[in-house]
Amino acid sequence: MGSLVSAEQVLRLNRRAALLGGLGLLVLPNTGTAATPSHSSGVWPRQLQVPGGIARLSLGPAAVRPVAHAGEVPLLVVGDVIDWTALVGVALAAEPGPASITVQTPDGAQRQVAYSVAAKRYSEQQLRVSPRSVDLSPEDLARHERERAQQQVVTASFSQPLPAALRMQVPVPGRRSSSFGLRRVFNGQARSPHSGMDIAAATGTPIAAPLPGRVLDTGDYFFNGQTVWLDHGGGLLSMVCHLSAIDVQVGDMLATGQRLGAVGATGRATGPHLHWGVMLNRAMVDPALFLAA
Ligand SMILES: [Zn+2]
């Protein structure tokens with residue numbers, strides 16, 4: 001009877017794999033040990049329900065991948081027919097307290113899935129810099145506003161295929177600052193918080209793609225300097241800034257680890273380092289949540 005049982009199990013597994021494959025669903029690798037209660041714990045970003053963090057919201061079983069939105073913004077939904085999960089990037093500017101997403105099912109029904117955002121007090125950094133780099137000239141301000149509008153259009157991308165993996169490789173080796181979310185005050189004036197991770201590295205250090213992705217945008221921007229945006233699919237993007245060289249063009253498909261440019265100090269940077277940003281559903285979130293703990 002033992003062999004019958006195992007044959008049945010194999011059949012069931014094959015049917016499940018065929019079902020998932022046939023529907024074109026995202027199947028994340030199983031981390032495999034019996035001690036791991038969730039099949040997802042090793043491959044998904046860590047959950048941290050604070051501004052700048054990620055909420056992982058279970059949507060339950062469904063035959064096809066549910067469609068979910070935060071306001072008008074489409075969300076990345078991963079998992080399989082057994083249990084779908086919406087991964088929600090929480091903006092640094094989000095108010096702590098109750099929040100919700102909207103989930104549509106194929107029969108047209110809509111429901112809200114509630115969650116809560118806990119307060120997080122990021123530390124504050126007081127900086128004294130040349131007044132010219134805080135109070136921009138009208139020309140610099142106009143340039144920055146143009147660039148910001150263009151970047152908002154570019155980063156609204158929600159493309160297919162969805163990412164096949166969600167654990168990222170750090171783009172350059174080096175000492176990583178924990179400065180994500182830092183509230184920066186320049187010459188006594190509050191400015192936007194630090195929305196990425198800074199990694200110490202010398203000018204010329206090769207930068208590798210953290211996940212497979214398509215080059216979405218390249219450019220030389222006022223604050224960010226030479227910048228590359230990668231589109232990993234499903235509203236998950238990453239950006240690298242202050243580069244000394246860009247080795248890719250818009251539309252190039254990169255594999256994890258493939259070189260895209262080199263570290264530099266272009267734009268408003270105090271010295272050579274890599275600024276790495278990760279965006280999920282148009283919110284900049286802490287890149288550290290995507291790295292193995
Ligand atoms: Zn930075």
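Worth saying up front: this structure is predicted, and the values here are computed from it rather than measured.

Novice: What exactly am I supposed to notice about the overall build of the chain here?
Specialist: When helices and strands are counted, the chain shows two helices and 20 strands. Of all intrachain contacts in the chain linking residues separated by at least 6 positions in sequence, the fraction that spans at least 24 positions is 67%. When the accessible surface of the chain is totalled, it reaches about 14,600 Å², and 56% of it is carbon and sulfur.

Novice: It is not clear to me how unusual backbone geometry should be interpreted in this structure. Could you clarify?
Specialist: Comment: phi is negative for the bulk of residues other than glycine, and the bulk of peptide bonds are trans. Cis rather than trans, the peptide bond between Gln160 and Pro161 has omega equal to -5°. The topology assignment puts Pro161 in the loop between α2 (138–154) and β9 (183–186). With phi around 40°, Asn281 is a residue other than glycine that occupies positive phi space. By secondary structure assignment, the location of Asn281 is in the loop between β19 (273–280) and β20 (283–285).

Novice: Where do I start with the coordination of the zinc ion in this structure?
Specialist: Where a metal carries four tetrahedral donors, each ideal angle is 109.5 degrees; where it carries six octahedral donors, the ideal angles are 90 or 180 degrees. Protein-derived ligands of the zinc ion are His194 (NE2), Asp198 (OD) and His275 (ND1), with the metal-ligand distances lying across 2.0 to 2.1 Å. We note that the donor set of the zinc ion lies within a single chain, spaced as H-x3-D-x76-H. Linking His194 in the loop between β10 (189–190) and β11 (197–200) with His275 in strand β19, this pair joins segments that are 81 residues apart in sequence. For His194, a relative accessible area of 6% gives the class buried.

Novice: It is not clear to me how the environment of His275 should be interpreted in this structure. Could you clarify?
Specialist: By relative accessible area, which is 9% here, His275 ends up buried. Residues His275 and Thr227 lie 48 residues apart in sequence; the distance between their C-alpha atoms is 9.5 Å. Setting aside anything within four residues of it in sequence, one finds His275 in contact with His194, Ser195, Gly196, Met197, Asp198, Met239, Val240, Cys241 and His242. Of note is the side chain of His275, whose polar atom sits 3.2 Å from the side chain of His194.

Rules used throughout
Residues numbered from 1 in each chain as written. Predicted model: local features only at pLDDT ≥ 70, side-chain atom pairs only at ≥ 80, totals over all residues. Heavy atoms only, no water. Helix = DSSP H or I, 4+ residues; strand = E, 2+ residues; numbered from the N terminus. Contact = heavy atoms within 4.5 Å. Areas by Shrake-Rupley, 256 points an atom, 1.4 Å probe, with all protein chains shown as cover. Donors = N, O, S within 2.8 Å, 3.2 Å for Na, K, Ca; no water. Buried < 20%, exposed > 50% of the residue type's maximum accessible area, 1.4 Å probe, protein only. Polar contact = N/O pair within 3.5 Å; in protein donor to acceptor, adjacent residues only side chain to side chain.

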